[in-house]
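# Breakdown of the fold
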Amino acid sequence: MLLALLASSIGVQAQVGSGFNPSDPPEPGQPPMKLEVKVVPAEAGSVSGTGRYAEGTAVNLYAYVNTGFRFTGWTNKAGDVLSTSTNFTYTKLAGHEQLTANYVFDPSNPQEPVEPSMIMYYQLQVNCTEGGSAYGGGRYLANTNVTLTAYPEDKFEFVAWIDDATGETISENSSFTYTTTAKHRSVTARFHFNPDSPAEPPVPDEKRWVRAIAIEGGTTNFASERVIVGRSITLTAYANDGYDFEGWYLNGEEYTKLSSFSYTVTDSYYQDFEARFTFNPRDPSEPGSPTPRRHEFYLMNKVTKPGATVKFPIYLTSIKPLTDMTFQLEFPEVLTPDFTKVEMSEKAVGYSISYSQQDARNYVFTLTGGTVPAGNAALLVFTINVSEDIITALDYPVLINLVEVTEEDGTVVTAGTRNGRLSVYKNGDANGDDVVSIYDAVLVVDNILGHPSDEFIQEAANVNDDEGISIIDAVGVVDIILDDTSGSRTQQTTNEADPD
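First things first, this report covers the structure right here in the doc.

Conventions adopted
Residues numbered from 1 in each chain as written. Predicted model: local features only at pLDDT ≥ 70, side-chain atom pairs only at ≥ 80, totals over all residues. Heavy atoms only, no water. Helix = DSSP H or I, 4+ residues; strand = E, 2+ residues; numbered from the N terminus. Buried < 20%, exposed > 50% of the residue type's maximum accessible area, 1.4 Å probe, protein only. Contact = heavy atoms within 4.5 Å. Pairing = 2+ DSSP bridges. Axes fitted to C-alpha atoms, helices over the stretch in contact; angles between N-to-C directions. Salt bridge = Lys/Arg side-chain N within 4 Å of Asp/Glu carboxyl O. Phe/Tyr/Trp six-rings, centres within 6.5 Å; stacked < 30°, edge-to-face > 60°. Lys NZ or Arg CZ within 6 Å of the ring centre and 35° of its normal. Core = buried A, V, L, I, M, F, W, Y, C linked by side-chain atoms within 4.5 Å.

### Considerations on the overall build of the chain
Secondary structure summary: the chain contains 4 helices and 36 strands in total. Classification of the 500 residues of the chain by burial places 41% in the buried group. Restricting to contacts in the chain with at least 6 residues of sequence separation, those with at least 24 account for 65%.

### Looking at the sheet that holds strand β32 (residues 375-385)
Across the sheet, 5 strands lie side by side as β29-β32-β27-β25-β35; this open sheet has mixed pairing. Of all the strands in the sheet, the pair left with one neighbour each is β29 (343-344) and β35 (416-418). In this structure, strand β25 (residues 295-299) lies alongside β35, joined through 3 bridges in parallel fashion. Looking at β35, one finds that Y298 is bridged to R418.

### Brief notes about the sheet that holds strand β4 (residues 58-65)
Strand pairing in a sheet is mediated by backbone hydrogen bonds. Such pairs are either parallel or antiparallel. Read from one edge to the other, the open sheet built from 3 strands follows the order β2-β4-β7, with strand pairing classed as antiparallel. A single partner strand is all that each edge strand has here, and the edge strands are β2 (45-48) and β7 (87-91). Averaged over all neighbouring strand pairs, the angle between strand axes comes to 25°, with direction disregarded. Bridge count between β2 and β4: 4 bridges; the pairing is antiparallel.

### What about the pattern of salt bridges?
For the coordinates displayed, the defined rule picks out 10 salt bridges. Salt-bridge contacts for E254 lead to K257; the nearest nitrogen and oxygen are separated by 3.5 Å. Using a relative accessible area of 54% as the deciding quantity, one classes K257 as exposed. Among the ionic pairs, E330 bridges to R361, the shortest N-O distance being 3.1 Å. Of this pair, E330 sits in strand β28 (residues 322-330) while R361 sits in the loop between β30 (352-357) and β31 (362-368), and the two are 31 residues apart along the sequence. Relative accessible area serves as the criterion here: at 17%, E330 is assigned to the buried category. For R361, a relative accessible area of 24% corresponds to the partly exposed category.

### Details of the pairing of strand β1 (residues 33-40)
As paired elements, β1 and strand β3 (residues 51-53) share 3 bridges and run antiparallel to each other. Paired with L35 across the strands is G51, a residue of β3. Bridge count between β1 and strand β8 (residues 97-105): 6 bridges; the pairing is parallel. The partner of E36 across the bridge, within β8, is Q98.

### Digging into the packing of aromatic side chains
Here the structure, examined in full by the defined rule, presents 29 aromatic pairs. Pairing W248 with F273 gives two aromatic rings, centres 6.2 Å apart and planes at 85°, and the pair type is edge-to-face. Of the two residues, W248 is situated in strand β21 (residues 243-250) and F273 in strand β24 (residues 270-279); the sequence distance between them amounts to 25 residues. The class for F273 is buried, based on a relative accessible area of 0%. With a centroid separation of 5.9 Å and an interplanar angle of 20°, the aromatic rings of F327 and F365 are classed as stacked. Taken together, the positions of F327 in strand β28 and F365 in strand β31 put the pair 38 residues apart, joining distant regions of the chain. Take F365: its relative accessible area is 1%, and that puts it in the buried class. Among the aromatic residues, ring-to-ring pairing joins F297, F327, F331, F339, Y355, Y363, F365 and F382 into one connected group. A cation sits over an aromatic face here: R276 above Y249, 3.7 Å from the ring centre.

### Some points on the nonpolar core
F297, M325 and F327 are the most contacted members of the largest nonpolar core, which totals 57 residues. With 6 residues, the top contributor of residues to this core is strand β33 (residues 394-407). Each residue touching F327, except ones within four places of it in the same chain, is listed here: F297, I314, Y363, V364, F365, L367, L379, L380, I400, N401, L402 and V403.

Treat this as a map of the structure, not an account of what it does.
In structure tokens form, the structure reads like this:
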């Protein structure tokens, strides 16, 4: 099935992205000319479409958006806006041309009401022997109570739940509560053939995904849950300081203005709720107009992979020029930057940088002797080398606080902050479940065909780390699966050959 999907995708790519049109060849003596497509700012995303084309060729351009940025439009060299859609078909003109995909820094989440802690998820893999099915596996926090349930087939009976690492019996009950640990675990439900066994319980109830998304201004009590159809789940929205809760929206339509309510799950495959908030700073002098913060520091939310090198910038938004500044950064111990490679932006020339290490995670930075103009710009860029053996499918928070800045007239004030994070996934893990499987390859193909999934993680799916998602990435996912399978078989053969 996958090979068929890949073959069909290759055909689509050849028709859509190559610009080849045998019915309309280039005129004799008119060679294809270059179309250069660039990204501004460079760290905001990536594009496809750069190449050489004959005049009149329809070129399919696509802009990919990195976390923390928003795409604004395509422009030509004269600055004319050609399209505001990320997917854009451009007709090649004569001569060399240059198009620009424009982005703005636009973090989607404001400063959280409390500082986040390290969120560590662990994979609980549920298997079963012949004669039944088993449910309850997934990614969980440590010390989470999870219900595992086994269902025997006709003429089979349930025997026990077995810990795959130790071979020990965990429970002899077909349904029991399992408490997760701070490590990845694998368990198996075993069944025994027994033609005289009585009728078995019915198949498990259908489950559906319920997702609770918060736009700027607040948070929700969960992100996504799988719930049995007909069961109820409570959704709660929490407004950040300076915001009012506006209402819950289901699949884009207003559902309720209650911040907390009970919802009965339907048979729809996805049930997406969005909690919306309205900015309301309670400013008595201007009751109907929000007052912007004078200065604000933003950290990025970035996705990366083991073995990668990440550029991690600090952005500064200011309505006045600033001179000296001091702030504290907290990095995860496993993702400490190379402080010999700190880069200053072109808008922050003239600063001298010094830092002191407070402990294994915290560093205080001081910038003196320079001036940064008002506006929105990257201030510093850190280089972080991600180790090959880092734990994947985790969010590693990067925190900023204790900010103090000096305005041109010598006034010393504090600034607002927004924390960031680095999310680390295995190469090819397109859905972030910490396992590279055929499903990841299917997600890549769906994305190429113009049917992206909400769970699709572009940075992890971009196996070859080029400018976009292509059929090469789908093939790369398959190669990773085959390499893992080959490695497992090799290890198994080695273990069987060497009893010691």
